[in-house]
Amino acid sequence: MTKILNSPISRRAVLGGTAAAIGALSMPSILRAQDRSLKVGVYGGYFKDSFDKNIFPDFTAATGIAVESIAEPTGEAWLVQLEQAAKAGVAPADVSMMSQVAMLKGQSTDLWAPIDTSKIKNYDGLLGQFVNKYPDGRVAGIGAVAWYITLVTNTDVYPEAPDSWAALWDPANADKLGLLALVSNSFLLEVTAKTFMGGTGALDTEEGLNKAFEKLAEVKPNVRLWYRDEAQFEQALKSGEIPMGQYYHDVTGLAAADGHPVRSTFPKEGGIQDSGCWALSRASGKVEEAHVFIDYMSQPAIQATLSRKVGTAPTLKRDLLDLTAEEFASVSSDIDPIIPRYDLYQTKSDWLNQKWTEMIVG
Amino acid sequence: MRREAPQKLTDYAPLAFPAIMLTVFFVIPFGTMIAVSFFQRQQGGFYTPAFVLSNYERFASLFFANVLGFSLTLAVLVAICCVAIGVPFTYLLTRMSRRAQIVWMVALLSVLSLSEVIIGFAWSTLFSRTAGITNLLVALGLMQKAVALSPGFPAVLTAMVYQALPYTILVLYPALVRLDPTLTEAARTLGASPLRAFFTVVVPALRATILATLIMVFIFALGSYLLPQILGRPQHWTLSVLITDQAIYQSNMPFAAAMAVFLVLVTLALVTLTLFAGRKREAAA
């Protein structure tokens, strides 16, 4: 709580807002010239670095809108900051990349400004799962990027790639795994359901959820690290300290391309497909620029560039893109993905969280 | 110079500044937190103002009692380790030349400039199997093969003691510098060994300082949430880790606030008890 109240971002935004207000009173014309800028929240680390290098400079060249990219923490920390700031009428970022669970939570407080789809030229080319709508049909967010969480291994320790999520349960892997620490970002219940219970539909009932928890508890002796911070696991995976686990397909691919002994495998049950939306904070005054930005990002050429340079799965229909089969395979897979049950993290989040924490701590 | 009791209202003016600062930076935030702890959690959203006890009810379980118990035990252990290392260290430090003292102090202060994240990652590397200190022991022929020392309880404790030790020494230093050296000299003249003089003269003379230091380190350690995460297993996660999970990852501010309020109350109760016990013993002596 104090961390959020004292957050340097919101304080800087307040100071910036004051300075802008004073500027508006004295020199309106100059302000308008400088106003063509947009603060964009992107997940920190590899993601932000890649966007800064491969995407944002071209966007500024094409539209004349300067981008100030802001490193967001993953998880819901950024959502909480946006929400607190919006209550005070400030936007630490105008457009942010938000996870699906965060989109649903933000919807409940009308945090996202509705998007005018007539201004998005490729709106009809977007895959259905990448348009995030309010219950009343307003569009809350447009797919930004999609990514997979897959089974990753250190190639020095595991010369052969595992082919199933069941490897997590293998007693031979005792104390060797790194898994995400939260029920709502690891999606391990869905993995358990797809691997052992015939599909994520098994999680519809409380009985099914309890069964999945029971099965998942068997993984505990194999887990060395339950991580919240990605850097922590990535480092250990590269060095072989923690040679197996779940991690992001794109980041692992980039690390492998840098020469680290790591690999990402799509298990036969499928990788976990998660995605992020571009969403506009209701406190932002840059509605026009935000639409220009989202329109630009939804072009086939840009989505293809993202797949090639950043390693994310495209949000547009495949036939609109000029990706080769090989390029497509490096960011996605034909294996039917495990789609997280976002609805559960909306309706049963406290119960799931309590049960999960008791399972891993107890 | 005799200090006169304040006569007029303006005599209280010097109190205004600290009072305002305390209100702005402590009373208001803490008050907000207490208020939020009674708010109604909106699952899948944020919270709405209300007066409900459900956040405290959820906390009242064996599971959270165990986590609280572990957090308090860990903080007490860190405090004891820090004082056990810090008192003899600072005592020897004050006997050194002024020059040597400055060098030591600068080195200690530089540790304070490290963030908890850096300390955590540095120790996790030192404790790792692939690049850690056990590799040195293997090279020296003291161990058969390198092992991982983290995650585990000793790893958490070591890093937390490392982090809190400079504070401990900074708090102890003024009292030890002012300690009259003739006290130990007298003890030595009367035939006590240096070790005996230290334990029978120096330590009792510093009882109040040591108690205050223990309390300070205890409270400092209680707030730690990164080191247990980086260096510990889930069973070594402190209550602060779970508070962070609720506040940041679950956006459950009311429950996080309720846990934080409870943690503050327990801490205050323990500190009061300690001070009370200390005063009683002093009165008896």
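Residues numbered from 1 in each chain as written. Chains lettered and ligands numbered in written order. Predicted model: local features only at pLDDT ≥ 70, side-chain atom pairs only at ≥ 80, totals over all residues.

A.B. asks: Please set out the overall build of chain A residue by residue, giving values where relevant.
C.D. replies: Looking only at helices and strands, chain A features 17 helices and 10 strands. In chain A, which comprises 362 residues, the proportion classed as buried is 47%. Long-range pairs, those at least 24 residues apart, make up 74% of the contacts in chain A between residues at least 6 apart in sequence. (Helix = DSSP H or I, 4+ residues; strand = E, 2+ residues; numbered from the N terminus. Buried ≥ 20, exposed ≤ 12 C-beta atoms within 10 Å, placed from the backbone. Contact = placed C-beta atoms within 7 Å.)

A.B. asks: Can you break down the overall build of chain B residue by residue, with the values?
C.D. replies: Helix and strand counts for chain B stand at 13 helices and two strands. The C-alpha extent of chain B, read off along each of the three principal axes, is 75 × 70 × 35 Å. In chain B, the proportion of contacts linking residues at least 24 apart, taken out of those at least 6 apart, comes to 66%.

A.B. asks: I'd like a rundown of the interface of chain B and chain A, residues and numbers included.
C.D. replies: Where interface size is quoted, it is often the accessible area lost as the parts come together. Listed by partner, the interface residues are 29 residues for chain B and 31 residues for chain A. Of all the secondary-structure elements, those providing two or more residues to the side of chain B that touches chain A are helix H1 (13-37), helix H11 (226-231), helix H12 (239-249) and helix H13 (253-284) of chain B. Per-element accounting of the side of chain B that touches chain A gives the leading share, four residues, to H12 of chain B. Residues of the side of chain B that touches chain A, tallied by class, amount to 17 nonpolar, 11 polar and one charged. (Nonpolar A, V, L, I, M, F, W, Y, C, P; charged D, E, K, R; others polar.)

A.B. asks: Would you mind going over the nonpolar core in detail, with residue names and values included?
C.D. replies: Formed by 114 residues in total, the largest nonpolar core has its most connected members in Leu 189 and Trp 278 of chain A together with Met 259 of chain B. The element that contributes the greatest number of residues to this core is strand S5 (residues 139-154) of chain A, accounting for 10 residues. Two domains each donate at least three residues to this core, and these are domain 2 (37-146 + 274-331) and domain 3 (148-272 + 338-361) of chain A. When neighbours within four sequence positions are excluded, Leu 189 of chain A is seen to be in contact with Val 183, Leu 203, Leu 209, Ala 212 and Leu 216 of chain A. Judged by nonpolar contacts, the second largest core, of 28 residues, contains Ala 75, Leu 157, Met 160 and Val 217 of chain B. (Core = buried A, V, L, I, M, F, W, Y, C linked by C-beta atoms within 7 Å. Domains from an automatic or database assignment.)

A.B. asks: Give a description of the confidence of the model for chain B that names residues and reports values.
C.D. replies: All names here are of chain B. Mean pLDDT over chain B: 88, with 97% of residues reaching 70 or higher. For chain B, strand S2 (residues 47-48) is the element with the lowest average pLDDT, namely 81, and helix H3 (residues 62-94) is the one with the highest, namely 94. Reported for the predicted complex are a pTM of 0.78 and an ipTM of 0.83. (pLDDT = per-residue confidence, 0-100.)

A.B. asks: Explain the packing of helix H7 (residues 153-178) of chain B against helix H10 (residues 207-222) of chain B to me, using residue names and the numbers behind them.
C.D. replies: All names here are of chain B. It is at 10 Å that the axes of H7 and H10 come closest, and there the two elements cross at 150 degrees. The angle between the axes of H7 and H10 places the two elements in the roughly antiparallel class. By crossing handedness, the relation of H7 to H10 is classed as right-handed. In this structure, H7 uses Met 160, Ala 164, Tyr 167, Thr 168, Val 171, Leu 172 and Ala 175 to contact H10, whose residues at the interface are Thr 209, Thr 213, Met 216, Val 217, Phe 220 and Ala 221. Here the contact of H7 with H10 is built from residues that sort into 10 nonpolar, three polar and no charged. (Axes fitted to C-alpha atoms, helices over the stretch in contact; angles between N-to-C directions. Parallel < 35°, antiparallel > 145°, perpendicular 65-115°, else oblique. Left-handed = near helix turned anticlockwise from the far one by under 90°.)

A.B. asks: Can you explain the environment of Ala 131 of chain B? Please cite residues and give values.
C.D. replies: In this structure, Ala 131 of chain B sits in the loop between helix H5 (116-126) and helix H6 (133-139). Sequence-wise, Ala 131 of chain B and Val 147 of chain B are 16 residues apart; in three dimensions their C-alpha atoms are separated by 9.9 Å.

A.B. asks: Give a description of unusual backbone geometry that names residues and reports values.
C.D. replies: For the bond from Ser 150 of chain B to Pro 151 of chain B, the omega torsion is 0 degrees, close enough to zero to count as cis. As for its placement among the helices and strands, Pro 151 of chain B is situated in the loop between H6 and H7. Phi is positive for Asp 110 of chain A, close to 55 degrees, though the residue is something other than glycine. Counting through the fold element by element, Asp 110 of chain A comes out in the loop between helix H7 (100-107) and strand S4 (131-133). We note that Phe 187 of chain A has phi near 55 degrees; this positive angle belongs to a residue other than glycine. Position of Phe 187 of chain A relative to the elements: it lies in the loop between helix H8 (183-186) and helix H9 (188-196).

A.B. asks: Go over H7 of chain A with me, naming the residues and quoting the values.
C.D. replies: Of all eight residues making up H7 of chain A, eight are buried, and the element is well covered by its neighbours. When we look at burial in H7 of chain A, the residues that qualify are Gln 100, Val 101, Ala 102, Met 103, Leu 104, Lys 105, Gly 106 and Gln 107 of chain A.

A.B. asks: Residues and numbers for the pairing of S5 of chain A, please.
C.D. replies: Both faces of the sheet carry side chains from a regular strand, because those side chains alternate between them. Residue and element names in this part refer to chain A. Along S5, 15 of the 16 residues are buried, which leaves the element largely enclosed by surrounding structure. In this sheet, S5 lies alongside S4 in antiparallel orientation, the contact comprising three bridges. Looking at S5, one finds that Asn 132 is bridged to Gly 141. As consecutive antiparallel partners, S4 and S5 are separated by five residues, and within that stretch Gly 137 has a phi angle of approximately 100 degrees, a positive value. Across eight bridges, the pairing between S5 and strand S10 (residues 272-280) is antiparallel. Residue pairing for S10: Trp 147 is matched across the bridge by Asp 274. (Pairing = 2+ DSSP bridges.)

A.B. asks: Any details on the pairing of strand S3 (residues 95-99) of chain A? Residues and values, ideally.
C.D. replies: All names here are of chain A. Most of S3 is tucked away: five of the five residues are buried. One ladder, built from two bridges, connects strand S1 (residues 37-43) with S3; its direction is parallel. Within S3, the residue paired with Val 40 across the bridge is Val 95. Judged from the five bridges that link them, S3 and S10 form a sheet pairing that is antiparallel. Opposite Met 98, over in S10, you have Cys 277 as the bridge partner.

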